[in-house]
Amino acid sequence: MSFDGMTTKEIAAKVSSTRTELRETLDGIENAFNVPRQLGRLGAWARTSWNDDPAPWVAGSAVAVGVVAVVIWAIVTKHD
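Everything numeric in this text was worked out from a predicted model, so none of it was measured.

Engineer: Would you take a moment to explain the overall build of the protein for this structure?
Structural biologist: Each helix and strand counted, the protein has 3 helices and 0 strands in total. Helices and strands appear in the protein in the N-to-C order α-α-α. Burial analysis of the protein (80 residues in total) assigns 0% to the buried set. Carbon together with sulfur atoms contributes 66% to the accessible area of the protein, which is approximately 7,000 Å² in total. In the protein, which carries 8 positive and 9 negative side-chain charges, the distance between the mean positions of the two groups comes to 6 Å.

Engineer: What am I meant to see in a nonpolar patch on the surface here?
Structural biologist: Nonpolar side chains collect at one region of the surface, where V35, L39, L42, W45, W50, W57 and V58 lie side by side and expose about 740 Å² of accessible area between them. No other element matches helix α2 (residues 35-52), which puts 5 residues into the nonpolar patch. Looking at the element boundaries, V35 is found in helix α2.

Engineer: Is there a simple way to explain a negative patch on the surface in this structure?
Structural biologist: Taken together, the side chains of E21, E24, D27 and E30 define an acidic patch exposed on the protein surface. Along the chain, D27 turns up in helix α1 (residues 8-33). Taking relative accessible area as the criterion, D27 reaches 40% and is therefore assigned partly exposed.

Engineer: Please explain the environment of A64 as it appears in this structure.
Structural biologist: Tracing the backbone through its elements, the reader meets A64 in helix α3 (residues 55-76). A relative accessible area of 40% places A64 in the partly exposed class. Each C-alpha atom, one on A64 and one on N51, is 21 Å from the other, the two residues being 13 residues apart in sequence.

Conventions and cut-offs
Residues numbered from 1 in each chain as written. Predicted model: local features only at pLDDT ≥ 70, side-chain atom pairs only at ≥ 80, totals over all residues. Heavy atoms only, no water. Helix = DSSP H or I, 4+ residues; strand = E, 2+ residues; numbered from the N terminus. Buried < 20%, exposed > 50% of the residue type's maximum accessible area, 1.4 Å probe, protein only. Areas by Shrake-Rupley, 256 points an atom, 1.4 Å probe, with all protein chains shown as cover. Lys, Arg positive; Asp, Glu negative; His and termini not counted. Charge placed at Lys NZ, Arg CZ, Asp CG, Glu CD. Patch = residues over 30% accessible without salt bridge, like charges linked within 9 Å, V, L, I, M, F, W, Y side chains within 5 Å. Salt bridge = Lys/Arg side-chain N within 4 Å of Asp/Glu carboxyl O.

Set out below in structure tokens:
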């Protein structure tokens, strides 16, 4: 980027604008990779989802238990 022909005020305004953009970008990256914050959001979503309709959670849990049972059965059963 060339600053030729720009006044000191224009350059200062451009630098300030670029700093603001960089700060916003870094804040976004920090939010995306902040594990405790993401876990908090996930927990809030799960609570809201459960409170709205627990049936999918119950069904999903039943399926998960069934899958685990089949895997355990497959492991402990002798295959001749």
